[in-house]
Amino acid sequence: MRSDIVVVGAGGHAKVCIELLRSMGESIACCVGGSDSPDLCLDVPVLRGDEHLVSLRAKGHFRLFVAIGSNRLRERLGTICVGHGYQLVNAISPHAIISPSAKLGRGVAVMAGVVINAESVIEDLAIINTGATVDHDCRVGQAVHIAPQCALAGNVTIGNLSFLGVGCKVIPEIQIGEHVTVGAGGVVICHIGSGATVVGVPTRVLNS
Ligand SMILES: CC(C)(COP(=O)(O)OP(=O)(O)OC[C@H]1O[C@@H](n2cnc3c(N)ncnc32)[C@H](O)[C@@H]1OP(=O)(O)O)[C@@H](O)C(=O)NCCC(=O)NCCS
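Model, not experiment: these values are computed from the prediction.

## Observations regarding the overall build of the protein chain
Item 1. Scanning the protein chain from N- to C-terminus turns up three helices and 25 strands.
Item 2. Radius of gyration (C-alpha) of the protein chain: 17 Å, near the 17 Å computed for a compact globule of 208 residues.
Item 3. The buried share of the protein chain, taken over its 208 residues, is 49%.
Item 4. Sequence-distant contacts in the protein chain: of pairs separated by 6 or more residues, those separated by 24 or more amount to 25%.
Item 5. Working note: accessible area of the protein chain is about 9100 Å², and carbon and sulfur atoms make up 54% of it.
Item 6. The centroid of the 15 positive side-chain charges in the protein chain is displaced by 3 Å from the centroid of its 16 negative side-chain charges.

## Section: the sheet that holds strand 15 (residues 139-140)
Item 1. Pairing is parallel in the open sheet, where five strands are placed in the order 9-12-15-18-21. Looking at the sheet topology across the chains shown, the edges are occupied by strand 9 (103-104) and strand 21 (175-176).
Item 2. In the sheet, strand 15 pairs with strand 18 (residues 157-158) via two bridges, with the strands oriented parallel. What sits directly across from Val-140, in strand 18, is Ile-158.

## Some words on the UniProt feature "active site" (unreviewed entry) in the protein chain
Item 1. Under the UniProt annotation, "active site" (unreviewed entry) lies at His-136.
Item 2. Here His-136 shows up in the loop between strand 14 (133-134) and strand 15.
Item 3. With residues near it in sequence (within four places) discarded, His-136 still touches Asn-117, Ala-118, Ser-120, Gly-154 and Asn-155.
Item 4. For His-136, the side chain forms a polar contact with the side chain of Asp-137, separated by 2.7 Å.

## Observations regarding the pairing of strand 5 (residues 63-66)
A regular strand places its side chains so that they alternate between the two faces of the sheet.
Item 1. Where burial is concerned, the two faces of strand 5 agree: the one with Arg-63 and Phe-65 and the one with Leu-64 and Val-66 are both buried.
Item 2. Note that strand 1 (residues 5-8) and strand 5 share three bridges and pair parallel. Looking at strand 5, one finds that Val-6 is bridged to Leu-64.
Item 3. Two strands pair when backbone bridges link them, and strand 5 and strand 6 (residues 87-88) are joined in this way by two bridges, in the parallel orientation.

## Focus: the pattern of salt bridges
Once their charged atoms are close, side chains differing in charge can pair, the charge on each being opposite to the other.
Item 1. Enumeration according to the criterion identifies five salt bridges in this entry.
Item 2. The partner of Asp-4 in a salt bridge is Arg-2, and the shortest N-O contact between them spans 2.7 Å.
Item 3. Notably, a salt bridge pairs Glu-26 with Arg-63, separated by 2.8 Å at the nearest N-O pair. Separated by 37 residues along the polypeptide, Glu-26 in the loop between helix 1 (12-23) and strand 2 (28-33) and Arg-63 in strand 5 bring together distant segments of the chain.
Item 4. Relative accessible area serves as the criterion here: at 22%, Glu-26 is assigned to the partly exposed category.
Item 5. For Arg-63, a relative accessible area of 15% translates into the label buried.

## Focus on the environment of Cys-168
Item 1. Tracing the backbone through its elements, the reader meets Cys-168 in the loop between strand 19 (163-164) and strand 20 (169-170).
Item 2. Overall, the relative accessible area of 0% leaves Cys-168 in the buried class.
Item 3. Cys-168 sits 35 residues away from Thr-203 along the chain, and the two C-alpha atoms are 9.8 Å apart.
Item 4. Setting aside residues no more than four positions away along its own chain, Cys-168 makes contact with Gln-149, Cys-150, Ala-151, Val-182, Gly-183, Gly-185 and Gly-186.

## Points about unusual backbone geometry
Item 1. A cis amide bond, omega -10°, links Val-201 with the succeeding residue Pro-202.
Item 2. Within the element layout of this structure, Pro-202 appears in the loop between strand 24 (197-199) and strand 25 (204-207).
Item 3. The phi dihedral of Gln-149 is positive, around 65°, even though this residue is not glycine.
Item 4. Summarising the element assignment, Gln-149 is placed in the loop between strand 16 (145-146) and strand 17 (151-152).
Item 5. You can call Gln-149 partly exposed: its relative accessible area is 45%.
Item 6. One non-glycine residue, Glu-173, adopts positive backbone phi at about 70°.

Cut-offs used in this document
- Residues numbered from 1 in each chain as written.
- Predicted model: local features only at pLDDT ≥ 70, side-chain atom pairs only at ≥ 80, totals over all residues.
- Heavy atoms only, no water.
- Helix = DSSP H or I, 4+ residues; strand = E, 2+ residues; numbered from the N terminus.
- Rg over C-alpha atoms; globule rule 2.2 N^0.38 Å.
- Buried < 20%, exposed > 50% of the residue type's maximum accessible area, 1.4 Å probe, protein only.
- Contact = heavy atoms within 4.5 Å.
- Areas by Shrake-Rupley, 256 points an atom, 1.4 Å probe, with all protein chains shown as cover.
- Lys, Arg positive; Asp, Glu negative; His and termini not counted.
- Charge placed at Lys NZ, Arg CZ, Asp CG, Glu CD.
- Pairing = 2+ DSSP bridges.
- UniProt positions renumbered as here; feature names shortened; annotations may be inferred.
- Polar contact = N/O pair within 3.5 Å; in protein donor to acceptor, adjacent residues only side chain to side chain.
- Salt bridge = Lys/Arg side-chain N within 4 Å of Asp/Glu carboxyl O.

In structure tokens form, the structure reads like this:
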């Protein structure tokens, strides 16, 4: 068995995640990218094609991190990798502050400057990006991406696969559905149904 981590993805988000994992003392085995990926991601060699996931597993690799920004693709690849027998690890910055009563799933990324407060729940494959804050009792669903500098007040719920663009704010008790997109800088002051794209201050629906 190999303890070094296979990183799925070889783009900008993967670079950040590799550095996060190294800051936790982890070693990176390689990246698995697509046909158009570069040869290296930072200094990590990139294998092109998902078929490598099977051969790496056969060679004894079992710890893996999915470092892909697209929520749908991250969730899909996470499910495939678990099906191949991989264990999803978390990438948590030592410069994040996470309440001891918060709960984190698997395959979660928490970048530098993040604060996650009491009894919040972050589900599998979510990204809490640089400098975002998640206050008490929030629930951040599976494969959600909370972009840099977002602020969720207390008791906010974000459904699976939703995306909050850079710098969004959400007032307390708000429920945001699944597959929602909140545009950069949006201020959410009322509940948002699943599938909607909203923008502005306060947010208005672009489509649903
Ligand atoms: C919301 C978003 C996804 C919409 O993208 P899109 O579907 O390509 O939309 P368009 O650029 O065609 O804009 C559609 C309309 O919404 C407006 N709009 C788009 N994004 C907006 C935003 N963040 N705030 C306010 N208005 C916005 C546009 O001005 C345009 O208005 P108009 O129809 O009056 O001209 C995108 O603009 C956005 O904010 N993405 C966030 C990116 C981000 O934060 N990434 C972080 C990565 S870590």
